[in-house]
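What the coordinates show
So you can see what is in the structure, the chains are spelled out below.
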Amino acid sequence: MRRPPAETPLMRQYLDVKERYPDGIVFFRLGDFYEMFFEDAHAAAQALDLTLTTRDKGKEDAIPMCGVPHHSARTYIQKLCERGFKVVICEQVEDPRLAKGIVRREVVRVVTPGVVLDEDMLDAKTARYLAAVVPEGARRGLAYLDVTTGDFRATTLESAAALADELARVEPREILAPPALHGELRRDGAALTAIEPPELDEARAILGDLAAPSAEGLPVRAAAQAVAYARATQPAGVLPLVRLVLYRQGETLVLDDTSKTNLELTETIAGRQKRGSLFGVLDRTETGPGARLLRQWLLFPATDVARIRRRQDAVERLVEESRLRADLRAALAGLYDLERLAGRVTLGAANPRDLGYLRRSLEALPGLAALLGDGLGRGLAPPELLARDPGLDETSAAAADIAAALVDEPPLSSREGGLVRKGYSAEVDELRRLADGGKDEILAIEARERERTGIASLKVRFNRVFGYYLEITRANLRAVPADYIRKQTLANAERFITPELADLEAKVLHAEDRLLALEADIFEALRRRTAERAPAILRAAAWAALLDACAALAETAHRSSWVRPLVTDNDVIEIEDGRHPVVAELSPAGTFVPNDCRLDPRGDQIVVVTGPNMAGKSTYMRQVAHITILAQMGSFVPARRASIGVVDRVFTRVGAADNLAGGESTFMVEMRETAHILQHATRRSLILLDEIGRGTSTYDGLSIAWAVAEYLHDAVGAKTLFATHYHELCALAAKRPRVKNVSVAVSERRGEIVFLRKIVPGGASRSYGIEVARLAGLPRSVVARSRQMLAELESGDDLPLFRRAEPPPSPQATTGVEEKLLALDPDRMTPMEALGALAQLRRLI
Ligand code: ADP
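Structural notes, computed from the coordinates. (Residues numbered from 1 in each chain as written. Predicted model: local features only at pLDDT ≥ 70, side-chain atom pairs only at ≥ 80, totals over all residues. Heavy atoms only, no water.)

1. Quick notes on the overall build of the protein
Broken down by element type, the protein carries 28 helices and 27 strands. Here the C-alpha coordinates of the protein stretch approximately 125 × 75 × 60 Å along the principal axes. Nonlocal contacts in the protein, meaning residues at least 24 apart in sequence, comprise 67% of its contacts between residues at least 6 apart. Summed over all atoms, the accessible surface of the protein reaches about 39,000 Å², with 52% contributed by carbon and sulfur. On the protein, the mean spot of the 113 positive side-chain charges and the mean spot of the 119 negative ones are 2 Å from each other. (Helix = DSSP H or I, 4+ residues; strand = E, 2+ residues; numbered from the N terminus. Contact = heavy atoms within 4.5 Å. Areas by Shrake-Rupley, 256 points an atom, 1.4 Å probe, with all protein chains shown as cover. Lys, Arg positive; Asp, Glu negative; His and termini not counted. Charge placed at Lys NZ, Arg CZ, Asp CG, Glu CD.)

2. Concerning the site of the ligand
Near the ligand lie 13 residues; those nearest to it are Val-593, Met-614, Lys-617, Ser-618 and Thr-619. Ala-615 is positioned such that a nitrogen or oxygen atom in its backbone is 3.2 Å from an oxygen atom of the ligand. Here Ser-618 contributes a side-chain N or O atom positioned 2.4 Å from an oxygen atom of the ligand. Within the complex, the protein chains bury 76% of what would otherwise be the 570 Å² of accessible surface of the ligand. The dominant element in the shell around the ligand, judged by the number of residues it contributes, is helix 21 (residues 617–633), at three residues. Of the residues belonging to the shell around the ligand, the class tally is six nonpolar, five polar and two charged. (Near = heavy atom within 4 Å. Polar contact = N/O pair within 3.5 Å; in protein donor to acceptor, adjacent residues only side chain to side chain. Nonpolar A, V, L, I, M, F, W, Y, C, P; charged D, E, K, R; others polar.)

3. Remarks on the sheet that holds strand 12 (residues 245–246)
Taken together, the six strands give an open sheet; going across it, the order is 11-10-7-8-9-12, and neighbouring strands pair in mixed fashion. The sheet is open, and its two edges are formed by strand 11 (191–194) and strand 12, each paired on a single side. In this structure, strand 8 (residues 139–146) lies alongside strand 9 (residues 151–157), joined through seven bridges in antiparallel fashion. What sits directly across from Leu-145, in strand 9, is Phe-152. Here helix 4 (residues 160–170) sits on the sheet and contacts strand 7 (129–136), strand 8, strand 9 and strand 10 (174–177); the angle it forms with strand 8, its principal contact strand, is near 15°. (Pairing = 2+ DSSP bridges. Axes fitted to C-alpha atoms, helices over the stretch in contact; angles between N-to-C directions.)

4. A short note on the environment of Lys-487
When you line up the elements, Lys-487 lands in strand 16 (residues 485–489). Since its relative accessible area comes to 43%, Lys-487 is described here as partly exposed. Measuring from C-alpha to C-alpha, the distance between Lys-487 and Glu-471 comes to 10.0 Å, with 16 residues separating the pair along the chain. Setting aside residues up to four positions removed in sequence, Lys-487 forms contacts with Phe-466, Arg-495, Phe-496 and Ile-497. (Buried < 20%, exposed > 50% of the residue type's maximum accessible area, 1.4 Å probe, protein only.)

5. Digging into the packing of aromatic side chains
The full count for this structure, using the stated rule, is ten aromatic pairs. Residues Tyr-14 and Phe-37 carry aromatic rings whose centres are separated by 4.8 Å and whose planes lie at 80° to one another, so their mutual orientation is edge-to-face. Of this pair, Tyr-14 sits in helix 1 (residues 9–20) while Phe-37 sits in strand 2 (residues 33–37); the two residues are 23 residues apart in sequence, bridging distant segments of the chain. Overall, Tyr-14 belongs to the buried group, its relative accessible area being 0%. Following the ring pairs from residue to residue traces out a cluster consisting of Tyr-14, Phe-28, Phe-37 and Phe-38. For the cation-ring pair, Arg-29 lies above Tyr-34, with the distance from its terminal atom to the ring centre recorded as 5.4 Å. The residue whose ring lies beneath Arg-311 is Trp-297, and the NZ or CZ to ring-centre distance is 3.8 Å. (Phe/Tyr/Trp six-rings, centres within 6.5 Å; stacked < 30°, edge-to-face > 60°. Lys NZ or Arg CZ within 6 Å of the ring centre and 35° of its normal.)

6. Description of helix 23 (residues 698–716)
The end-to-end C-alpha distance of helix 23 is 26 Å, a good match for the 27 Å that 19 residues give at a rise of 1.5 Å each. Looking only at helix 23, the buried set comprises Gly-701, Leu-702, Ala-705, Val-708, Ala-709, Leu-712, His-713 and Val-716. Taken around the axis of helix 23, the buried residues stretch over an arc of 135°, which confines them to a single face. Against the buried residues of helix 23 lie strand 21 (606–610), helix 22 (666–680), strand 24 (686–690), strand 25 (719–724), helix 24 (732–735) and strand 26 (739–749). Phi turns positive one or two residues past the end of helix 23, at Gly-717, with a value near 80°. (Expected span 1.5 Å × (residues − 1). Arc of directions from axis to C-beta.)

7. Re the sheet that holds strand 26
In space, the seven strands of this open sheet follow the order 13-23-24-25-21-26-27, with mixed pairing throughout. Among the strands making up the open sheet, the edge pair consists of strand 13 (254–255) and strand 27 (752–761). Sheet analysis places strand 26 next to strand 27, joined by seven bridges and oriented antiparallel. Residue pairing across strands places Val-742 opposite Pro-761, the latter belonging to strand 27. Sheet contacts for helix 22: strand 23 (649–653) and strand 24; angle to strand 23, the most-contacted strand, approximately 155°. Contacts from helix 23 reach strand 21, strand 24, strand 25 and strand 26 within the one sheet, and its direction differs from that of strand 25 by about 165°.

8. Remarks on unusual backbone geometry
Even without glycine at this site, Glu-171 takes up a positive phi of about 50°. With respect to the helices, strands and loops of the structure, Glu-171 is situated in the loop between helix 4 and strand 10. With a phi angle near 55°, Ser-561 is a residue other than glycine that sits in the positive phi range. Residue placement: Ser-561 occurs in the loop between helix 19 (534–560) and strand 18 (566–568).

9. Overview of the packing of helix 6 (residues 200–207) against helix 7 (residues 217–232)
When two helices pack together, their arrangement is given by the angle between the helix axes and the distance between those axes. Look at helix 6 against helix 7: their axes get within 8 Å of each other, and the N-to-C directions meet at 55°. By the criterion of interaxial angle, the relationship of helix 6 to helix 7 is oblique. As for the relative orientation of helix 6 and helix 7, their crossing is left-handed in sense. Contacts between helix 6 and helix 7 involve Leu-200, Ala-203, Arg-204, Ile-206 and Leu-207 from the former and Gly-217, Val-220, Arg-221, Ala-223, Ala-224, Val-227, Ala-228 and Arg-231 from the latter. Taken together, the residues of the contact of helix 6 with helix 7 sort by class into nine nonpolar, one polar and three charged. (Parallel < 35°, antiparallel > 145°, perpendicular 65-115°, else oblique. Left-handed = near helix turned anticlockwise from the far one by under 90°.)

10. Thoughts on the pattern of salt bridges
Overall, the coordinates contain 66 salt bridges when judged by the stated rule. Taking the shortest distance from any N to any O, the salt bridge between Glu-316 and Arg-564 comes out at 2.4 Å. In this pair, Glu-316 is assigned in helix 11 (residues 305–320) and Arg-564 in the loop between helix 19 and strand 18, connecting sequence segments 248 residues apart. When salt bridges that share partners are traced, they join Glu-574, Arg-598, Asp-600, Arg-602, Asp-604 and Lys-740 into one network. (Salt bridge = Lys/Arg side-chain N within 4 Å of Asp/Glu carboxyl O.)

11. Details of helix 4
Extensive coverage of helix 4 is indicated by the burial of eight of its eleven residues. Buried within helix 4 are the following residues: Ala-162, Leu-163, Asp-165, Glu-166, Leu-167, Ala-168, Arg-169 and Val-170. One or two positions beyond helix 4, positive phi appears at Glu-171, with a value near 50°.

12. Section: empty space enclosed by the protein
A complete count under the given rule lists four cavities of 30 Å³ or more for this structure. Counted as a void, the second largest cavity has a volume near 40 Å³. Among the elements that take part in the lining of the second largest cavity, helix 19 stands out by supplying three residues, more than any other. Within the lining of the second largest cavity, the residues separate by chemical class into seven nonpolar, one polar and no charged. (1 Å grid on protein atoms, 1.4 Å probe; cavity = no way out; pocket = protein on both sides within 12 Å on 5 of 7 lines; lining within 4 Å. Points joined across faces, edges and corners; volume = space filled by probe spheres on them.)

13. Remarks on the pairing of strand 4 (residues 63–69)
The buried fraction of strand 4 is high, at five of seven residues. In terms of strand pairing, strand 2 meets strand 4 through five bridges, oriented antiparallel. What sits directly across from Phe-33, in strand 4, is Pro-69. Summarising the sheet, strand 3 (residues 53–55) and strand 4 pair through three bridges and their orientation is antiparallel.

14. Examining the environment of Glu-673
Relative to the elements of secondary structure, Glu-673 occurs in helix 22. Residue classification places Glu-673 among the buried positions, given a relative accessible area of 15%. With 21 residues separating them in the primary sequence, Glu-673 and Thr-652 have C-alpha atoms 8.3 Å apart.

That is the geometry; function is a separate question.
Take a look at the structure:
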C-alpha cells in the first residue's frame, strides 16, 4: 500500500497494522466506531453499502474512509465474511483516559469465512470447517478443522475427483490451497485462500503433539497449514485442539456431491431446507454437539460391520428402554453447547455468561452418567456408551471452580463488575464495602445539607464529567453556604462541590476502579484455569454428544416403528416392506405402500424398474439407498425386515438434478455423471440410475441406457437399480443373466389408470404415457388423437423405435407442423426443449 504523504501518528499506527494484514479488511477501532481506510474503505463501502467519506476533509490527498458503529459491527463482519473477505479486528487495548499520547491498539482476532467465533454467525447443528489442501502429483492431502470445537481431521485422497467427493460432505467454508489448485477446488459456499503449504519438517514443528509421529506426509502438511492459519487469526487465544484424527476415505461409505444432493440427505433440492430431508427426519437430538455428530454419521456412514453393530447395540438398548431414553433426553435438553463453550474458553473469547452456562452444563453431567449407571448396574448399558470414560472428576472440578468464583447469573461483560461471588475474594468484598460505604456516606450528606441550608430540593447527583456534586435550583441560590464551591451554571440550577464530597468521591471512585480491575483479573484467571481443563471438557462433551445422537436415533426408531437391520459383509441387500423414510413420514398414516427389494451381485445384480411416470420409481430407488445409508450409520430402518451387506459407495444419477440454470445442457450433465459412475463404481457399490438417456432423442437415449446397463453387468458388477420408462429395456433381462425386471403396478379401469405403488416382478408391457398425459390435463381431443396414433403405430409391422433410417415425411407435402408435433414426446422433454420445439413449429407456419 502507498503510504500517505501527510502522516499522522494515528495513521502510522494504522499502516503498521495494515502492513501485517495486507489481505484483510482492517476494522480499526476509533472511539465508538470501527473505521476503514484507503482500499479497505473502498471495498467495504461497496460491499456494505456504506457512505465513503474522507479523513481531513478538503485536504488535497485526503484519505478515503468509512466506518461502522462498534455495537452493530457483527452484522457488517458477517456480511463481509459471507462475501469471502477476511476482517481484521483491531481494538484499543488501553483506556483512552489513561493513555499517554496515542491509544495503544492491537489486532485481537481475524474473522475469516472459515474461522468464526460469533454465535450469531454459526449454525448450532453444523460444524464450521476451515480446510487445507496439499497436492503431490495426483494425490491430495486434506485437513479440516472446526475452530469453535477443535474437531480436527485429515486424510489422503488418491485423486482430485476423490477430493471433490470428500469436500462435498465436509462442506468447508474456506479452503486454503496453492493457487494452482483453485480451479479444481472452486465450489459454492467455500472461499478460497491462496497459501503455499509448509514442508514436512516445518509442518511437524507446527503440529507438535497434535499428530502422532507415524503420521503420513500429505495430511500432516495440510493439517499444519490449517493450524498455522487458524492460529494467526487468534493472536490473543489458544485453539481448542486436542488431537489430529487421521482417517482413510474407505473407512466410510463414500457419498459424492451428486448423491448427497439427489438423495436430499441434509437439505431438500427445492428450497434447500432441512425439513423434508433425511436429516430432518432423523434429527431428534437435544444439543448442538449431538446434532453435529448425527449429521456426521449421516454423511460419513461406516463400512466396518463390527463398528456399525456396536452403534446399533447402543441404539437398540435405548429403543427398548423407553424410560431411560426419555430421562436421558430430558437431561440432555438442559445442556448448552459444551464443545463450543470449551472452544470459546480456550480461545479467550468466553464471557462471564458463557462460563455460567458452562458451569450449569458441567453440573448436569453426573446426573446424566447416573442415569446410565443405573443401566450399568442392571447390566443394561450398551458398551458403546460405556467404553468412553467421560472423565467427570475433572469436569466437576471445573464446575466447582466456576461456581465458587462467579455469581449464579453472571453478566455478559467482564469489565463492568458484579460477577465475582461474595465470599470468594476478601479483597473484592472489602472494595465493595468501601465503594458502597462511600456511597452511603454521600447520600447521608444530602440529608444533612438539606437540613443545614433549609433547601428542601437540594440534591446530590453524579455524572461522568464532574463526579458527585450538589445541585441547587436558581430560586434557592441565596441560601447557598459559603463553603460550597461553584462548578457549573445551568439555565435554572447551579452545581457545587465541597471538599468533603470531593474526598468521599475520590474514595468511592478509587475503590470502584480497583474493584472493576480486580473482578476482571479474577475472571481472566478463572478462564485460564478452565481453559487448562478444556481437553477434559471436550472429552465429556463428546460423550454427551454420543448419547444424544444415539438417543435421537432411538427416538426416531421408536416413533416411526423402524427395525434394526442385520448388517453384514455379504454384499446382498434384502429389504422386506421397506418404506421411504421421508415420504412415508410425511404421508397420511397407512397410505404409503411398502415394497421389497433384493439386490445381489451374484443374481439380482441389475434390477430394471419400469412403470409410468409418477408411478413411484424414484421413491422406491431412493428408499433403498436411504435404508442402506441408515443401516451403515448405525440407525434402525423403515422396513419390516432388512439385511444390508455394507456398500462402499452410493452413486446416483437422478433426473431431478437437471441443471438448467448452470448453463450446461441437461444431457451433458447427465452423461458426465454417468461416466463418473462407470469409472468409479466397484462390485461393492450401490448405483441408482433414473431415466438415463432421457435428455436426448429416443433412439439415442434407449441405446445409451442399454449400453450402460450392459457395461454395469459385464464389467462392473455393482448392485444397480435402473429406473426407466423405456419398457423396451426389459428385453435386456433375456440377454443377460443377472438382470431382473420389476415394475410398479398400475391398474386400469375404463381407460383410467390407478397407481398401486406396488413393485411386482416382470417389466411393464407399456408405458401408459397417454394415461398420465390425460391425468396431467392434456385436452381431450389431443388425448384421443394420441390413442389413435398409438394404435396405428402399434399395428404397424414394427415398433417405431426399432424402425431404422426411415426418411422423414417430405416437407413439401404439408407444412410439416403436424408431423413435427406428433413426433414430440412431452414426457421426455425438458422445459427448454419444449420451448425450442415450440419456436421451431412457429417458424414452420
Ligand atoms: P416416478 O419416479 O415413477 O415418476 P415418483 O417416485 O416420483 O414416481 O412418485 C410419484 C408420487 O407417488 C410421489 O409424489 C410419491 O409421493 C408417491 N409415491 C411414490 N411411492 C409411493 C408409495 N410406495 N406409497 C405411496 N405413495 C408413493
